[in-house]
Amino acid sequence: MPELPEVEVVRAGLARHVLGRTVHAVEVLHPRPVRRDPRGPSGFAQALAGRRIEDARRRGKYLWLPLDSGDALLAHLGMSGQFLVQEPGAADERHLRVRISLAANAPGAGAAATTDLELRFVDQRMFGGLSVSTGGADLPAEIAHIARDPLDPRFDDDEFVRRVRRRASGVKRLLLDQGLVSGVGNIYADEALWRARVHGDRPGERLTAAQVREVLAQARAVMGEALEQGGTSFDSLYVNVNGESGYFDRSLHAYGREDQPCDRCGTAIRRVAFMNRSSYFCPSCQPVPRRRRTLPAPSTAVPD
């Protein structure tokens, strides 16, 4: 599933290609990707027609394009969703679900913006989705509950540390809690924990403030490096708006490297089941936390 760096790469691509353009027409080729829009496919298309795209924004793994109406086109890529920018008349992709025809920008906007384009939503598995968020230009109400991500300049490090250290859940589970911090998916959680030398099952309440800050710092570092390389692509399901893959998978130290030697100590990387997914860690660098001993309850028996 695309995580924060991949979604940010897509957001930046949209910002380069679609800002200032007006939606000329919308064609919904399959209803499932717009299932979350209460207007239905035709109402979804009507809500976009004639609207100008003002910006391209992101919170965690969600994207939205604010419109001049004050509404927003809200998107989640799911497991295989792709936004592609194509010239009109280009061959349709096999799993094309929604086609948004965009008129050229006003004169003077630059040579690259003076021709019509198509913004295409392609989704093989159709777990992703699009909807029009009423009044959502600033922040769609549908995602207002989602926390900021570590790359957001307004992310509150101190509050994050306090909240983690009050929780008994394992730190990896906390990193995936979208109400606590957004955008850190399975891949980058494993990589951040490997770099910080912390096992994902270590309870938040048993981490020092310095350890939590180190995990957060490593999450920022690994996602920043992934951004520089265009994200992580294991297959053709994640590409940027130009159809190009990312190359950060070549820099992974833990995720997907079961039985391969740890790049730090040489111990074989181990994989365990985790929340219907997998966790990868080095058993030497990231020792499994010891379970707390449970003391027996004091006896209430009356002595003879």
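Residues numbered from 1 in each chain as written. Predicted model: local features only at pLDDT ≥ 70, side-chain atom pairs only at ≥ 80, totals over all residues. Heavy atoms only, no water.

**Some remarks on helix H1 (residues 4–17)**
With 14 residues, H1 extends 20 Å from end C-alpha to end C-alpha; this agrees with the ideal 20 Å at 1.5 Å per step. A large share of H1 lies buried, amounting to 10 of its 14 residues. All of the buried residues along H1 are Leu4, Pro5, Glu6, Val7, Glu8, Val9, Val10, Arg11, Gly13 and Leu14. In this structure, the buried residues of H1 make contact with strand S2 (57–59), strand S3 (62–66), strand S5 (81–86), strand S7 (117–123), helix H5 (186–196) and helix H6 (209–228). (Helix = DSSP H or I, 4+ residues; strand = E, 2+ residues; numbered from the N terminus. Expected span 1.5 Å × (residues − 1). Buried < 20%, exposed > 50% of the residue type's maximum accessible area, 1.4 Å probe, protein only. Contact = heavy atoms within 4.5 Å.)

**Focus: the sheet that holds strand S6 (residues 96–103)**
Read from one edge to the other, the open sheet built from four strands follows the order S1-S6-S7-S5, with strand pairing classed as antiparallel. Looking along the sheet, the strands with just one partner apiece sit at the ends: strand S1 (22–28) and S5. Pairs of neighbouring strands in the sheet enclose a mean axial angle of 20°, with direction left out of account. As paired strands, S1 and S6 are joined by six bridges and run antiparallel to one another. Counterpart to Thr22 in the pairing with S6 is Ala103. Relative to S1, helix H2 (residues 40–48) is tilted by about 170°, and along the sheet it contacts S1 and S6. (Pairing = 2+ DSSP bridges. Axes fitted to C-alpha atoms, helices over the stretch in contact; angles between N-to-C directions.)

**A look at the environment of Leu77**
Structurally, Leu77 can be placed in the loop between strand S4 (72–76) and S5. Remark: the alpha-carbon pair of Leu77 and Gly129, spanning 52 residues in sequence, is separated by 6.6 Å. Not counting chain neighbours up to four residues away, the residues in contact with Leu77 comprise Pro2, Val7, Val10, Gln82, Phe83, Phe121, Asp123 and Gly128.

**A few points about the packing of helix H3 (residues 157–165) against H6**
Each pair of packed helices can be summarised by the angle the axes make with each other and by the distance between the axes. With their axes 10 Å apart at the nearest point, H3 and H6 run at an angle of 120° to one another. One finds that H3 runs oblique with respect to H6. Crossing geometry of H3 relative to H6 is assigned as right-handed. The residues of H6 that touch H3, namely those facing Asp157, Asp158, Phe160, Val161, Val164 and Arg165, are Ala209, Val212, Arg213, Leu216 and Arg220. (Parallel < 35°, antiparallel > 145°, perpendicular 65-115°, else oblique. Left-handed = near helix turned anticlockwise from the far one by under 90°.)

**Description of unusual backbone geometry**
For Met275, which is not glycine, the phi dihedral falls at a positive 50°. Structurally, Met275 can be placed in the loop between strand S9 (270–274) and strand S10 (277–281). Here the phi dihedral of Asn276 falls at roughly 65°; this positive angle occurs in a residue that is not glycine. Position of Asn276 among the secondary structure elements: in the loop between S9 and S10.

**Brief notes about the sheet that holds S4**
If you walk across this open sheet you meet the four strands as S2-S3-S4-S8, and the pairing is antiparallel. The strands lining the two open edges of the sheet, one partner per strand, are S2 and strand S8 (129–133). Strand-to-strand twist across the sheet, computed as the mean angle between neighbouring axes with direction ignored, equals 25°. The pairing of S4 with S8 spans five bridges and is antiparallel. Paired with Leu74 across the strands is Ser131, a residue of S8. H2 rests against S4 and S8 of the sheet, and its axis sits at about 55° to S8.

What is shown is where atoms sit, not what they do.
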